[in-house]
Amino acid sequence: GQQLNQSPQSMFIQEGEDVSMNCTSSSIFNTWLWYKQEPGEGPVLLIALYKAGELTSNGRLTAQFGITRKDSFLNISASIPSDVGIYFCAGRTYNTDKLIFGTGTRLQVFP
Amino acid sequence: EPEVTQTPSHQVTQMGQEVILRCVPISNHLYFYWYRQILGQKVEFLVSFYNNEISEKSEIFDDQFSVERPDGSNFTLKIRSTKLEDSAMYFCASSDKGFAKNIQYFGAGTRLSVL
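Values in this document were obtained by computation on a predicted structure and should not be read as measured data.

K.L.:
It is not clear to me how the state of the cysteines should be interpreted in this structure. Could you clarify?
P.N.:
Two cysteines whose sulfur atoms are joined by a covalent bond form what is called a disulfide. Per the counting criterion, the structure on display carries two disulfides over all chains. The partner cysteine of Cys23 of chain A in its disulfide is Cys89 of chain A, sulfur to sulfur 1.8 Å. One end of the pair, Cys23 of chain A, is in strand β3 (residues 19–24); the other, Cys89 of chain A, is in strand β9 (residues 85–92), and 66 residues separate them in sequence. Both residues of the pair, Cys23 of chain A and Cys89 of chain A, count as buried. Here Cys23 of chain B connects covalently by a disulfide to Cys92 of chain B, the sulfurs 2.0 Å from one another. Residues Cys23 of chain B and Cys92 of chain B are joined through a disulfide that is left-handed, its torsion about the S-S bond being -65°. You can see Cys23 of chain B sitting in strand β3 (residues 19–24) and its partner Cys92 of chain B sitting in strand β9 (residues 88–95), a full 69 residues away along the chain. Under the relative-accessibility criterion, Cys23 of chain B is labelled buried at 0%.

K.L.:
Where do I start with the environment of Gln64 of chain B in this structure?
P.N.:
Residues and elements named next belong to chain B. Structurally, the position occupied by Gln64 is in the loop between β6 (53–57) and β7 (65–68). Residues Gln64 and Lys83, 19 residues apart in the sequence, show an inter-C-alpha distance of 9.8 Å. With sequence-adjacent residues up to four places away left out, Gln64 is seen in contact with Lys78, Ile79, Arg80, Ser81 and Lys83.

K.L.:
I would appreciate a short explanation of the pattern of salt bridges in the present structure.
P.N.:
Opposite charge on two side chains permits pairing when their charged atoms draw close. What the rule picks out here adds up to five salt bridges over all chains. Ionic pairing is found between Glu38 of chain A and Lys36 of chain A, a salt bridge with its closest N-O pair at 3.3 Å. Using a relative accessible area of 11% as the deciding quantity, one classes Lys36 of chain A as buried. The closest approach of N and O atoms between Glu44 of chain B and Arg36 of chain B, which form a salt bridge, is 3.3 Å.

What counts, and at which threshold
- Residues numbered from 1 in each chain as written.
- Chains lettered and ligands numbered in written order.
- Predicted model: local features only at pLDDT ≥ 70, side-chain atom pairs only at ≥ 80, totals over all residues.
- Heavy atoms only, no water.
- Disulfide = S-S within 2.5 Å.
- Helix = DSSP H or I, 4+ residues; strand = E, 2+ residues; numbered from the N terminus.
- Buried < 20%, exposed > 50% of the residue type's maximum accessible area, 1.4 Å probe, protein only.
- Contact = heavy atoms within 4.5 Å.
- Salt bridge = Lys/Arg side-chain N within 4 Å of Asp/Glu carboxyl O.

Written out as structure tokens, the structure is:
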């Protein structure tokens, strides 16, 4: 089946540092979404991407839809303690609503 | 801000028992979903539901599972005879659009513990 591989698996950074994580697949996706999940909560949507090459920002977050449509990355600039959580990419292929989630990147930010 | 509401937050049940997980989607949304997340793993799609019928389901969603929209506001997931491996977080999601511009908003989840 379709799989999304996220890297890195976890990151431990200091407050103020920039963060970069990515998601890759062997399949083509038509939509890429990035979600954040905090303990005991459901995934919260951060950014949605619909077109190959699209670059979208949401505050300190920037995400890009890869040109090949098989990858996406998320950058967080000037990290703060409340950025702590698990970041999931999710992709959707043509003609389906089903989201396929990545394996997640666990982010820890130290003051 | 409108949100997806799930109840209960935690359900403990004995193996073989039936459970019903409840969701109230965002009020003007028409597309509904259930996902599950086994502890420490990624979120997995179970089923999508539109216009009072299942649109798509995964291999996980076998005959033990069913979904229903019993009234205009609730969306339920029933597991007929729970197994130990059904223990997971179950997330409901909803969207106001299908396909191309579909954005799914997730509830906080129900933790199901099967003993």
